[in-house]
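Residue-level structure breakdown
Residue strings, one per chain:
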Amino acid sequence: LPLAATAALTAYVAGSADLSKHHQQTSVGSSPDPEGASGDTSSAQRRLDPATSVLALRVSGYLTEIHFEDGQMVKKGDLLFVIDPRPFEADLHQAEANLERDKAQVWRADLDLKRYADLAKKSFAPQQQLEQARAASLSATATGKADEAALAQAKLTDEFTHIVAPVSGRISSHMVSLGNLVVG
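These notes cover the structure that comes with them. (Residues numbered from 1 in each chain as written. Predicted model: local features only at pLDDT ≥ 70, side-chain atom pairs only at ≥ 80, totals over all residues. Heavy atoms only, no water.)

**Points about the side chain of Asp102**
Our working definition: Runs of E in the DSSP output that reach at least two residues are strands. Runs of H or I that reach at least four are helices, and both are numbered from the N terminus. Buried means the residue's accessible area, taken with a 1.4 Å probe over protein chains only, is under 20% of the maximum for its type, while exposed means over 50%, and partly exposed covers the values in between. Here a polar contact is recorded for every N or O atom pair within 3.5 Å, except that within protein the pair must consist of a potential hydrogen donor and a potential acceptor, and residues adjacent in sequence are included only if both atoms are side-chain atoms. A contact between two residues is defined here by any heavy atoms of the two lying within 4.5 Å.
Inspection of the secondary structure assignment puts Asp102 in helix H1 (residues 86–121). With relative accessibility at 3%, the residue Asp102 sits in the buried group. Separated by 3.1 Å, the side chains of Asp102 and Arg101 make a polar contact. Not counting chain neighbours up to four residues away, the residues in contact with Asp102 comprise Thr143 and Asp147.

Structure (structure tokens):
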């Protein structure tokens, strides 16, 4: 059964900038901050209710690693899960290869353009061949730019296989097991 959410991260904060975007409620009471999670010892006379952040996956795949224990305190940026990166790494290598291939085509098209421009100046090549060479050069350059964008997207997608804590706080139970298909 595919699971869309993998864990909830509950953070107890005392004025933390990390959770300024998340819903927070402040209540006055005599309870200290749970287990000193905020690191603010002056908060002994107030209690902050937890803000919850649910992890949203950006890629789908099989869960290969879990890097926390249920209920553990984590810091923003800590690695929590790894989704099998191999399919995304293959896409990344393919994007790199496509870029290299198309760089060679740009190089060849630019050489042809220079050659036909020189020949056209001396009236040894028809204008139509020069125009075709110019179009081929522009087309190859555009293909190279598209390959660069595809490579950047492949790198980003590969990075999404490593799920990190969006905020500091206490993480709930992981609700998924190694080998489960998680859907982003």
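**Let's talk about the nonpolar core**
Which entries qualify depends on this criterion: Take the buried Ala, Val, Leu, Ile, Met, Phe, Trp, Tyr and Cys residues and link them wherever side-chain atoms come within 4.5 Å; each set so joined is a nonpolar core.
Counting 15 residues, the largest nonpolar core has Leu80, Phe81, Ile83 and Ile163 as the members making the most contacts within it. The element best represented in this core is strand S7 (residues 79–83), accounting for three residues. Once residues within four sequence positions are removed from consideration, Leu80 is found in contact with Leu55, Glu65, Ile66, His67, Phe68, Val74, Ile163, Val164, Ala165 and Ile171. Counting residues in hydrophobic clusters, the runner-up holds five residues, among them Ala95, Leu99, Leu151 and Ala154.

**Quick word on the side chain of Asp84**
As for its placement among the helices and strands, Asp84 is situated in the loop between S7 and H1. Of the polar contacts made by the side chain of Asp84, one reaches the side chain of Arg86; its length is 2.8 Å. Ignoring any residue separated from it by four or fewer positions in sequence, one finds Asp84 in contact with Tyr62, Thr64 and Thr161.

**Focus on the pattern of salt bridges**
We apply this condition: Salt bridge criterion: a side-chain nitrogen from Lys or Arg within 4 Å of a carboxyl oxygen from Asp or Glu.
Summed over all chains, the structure comprises six salt bridges. Here Arg115 makes a salt bridge to Asp112, at a shortest N to O gap of 2.6 Å. Separated by three residues within a single helix, Arg115 and Asp112 lie in helix H1, roughly one turn from each other. Its salt-bridge partner being Asp118, residue Lys114 comes within 3.4 Å of it at the nearest N-O pair. Linking Lys114 with Asp118, this pair stays in helix H1, spanning four residues, or about one helical turn. On the basis of relative accessibility, which here comes to 52%, the residue Lys114 falls in the exposed class. Look at the salt bridges and you will find they share partners, linking Arg108, Asp112 and Arg115 into a network.

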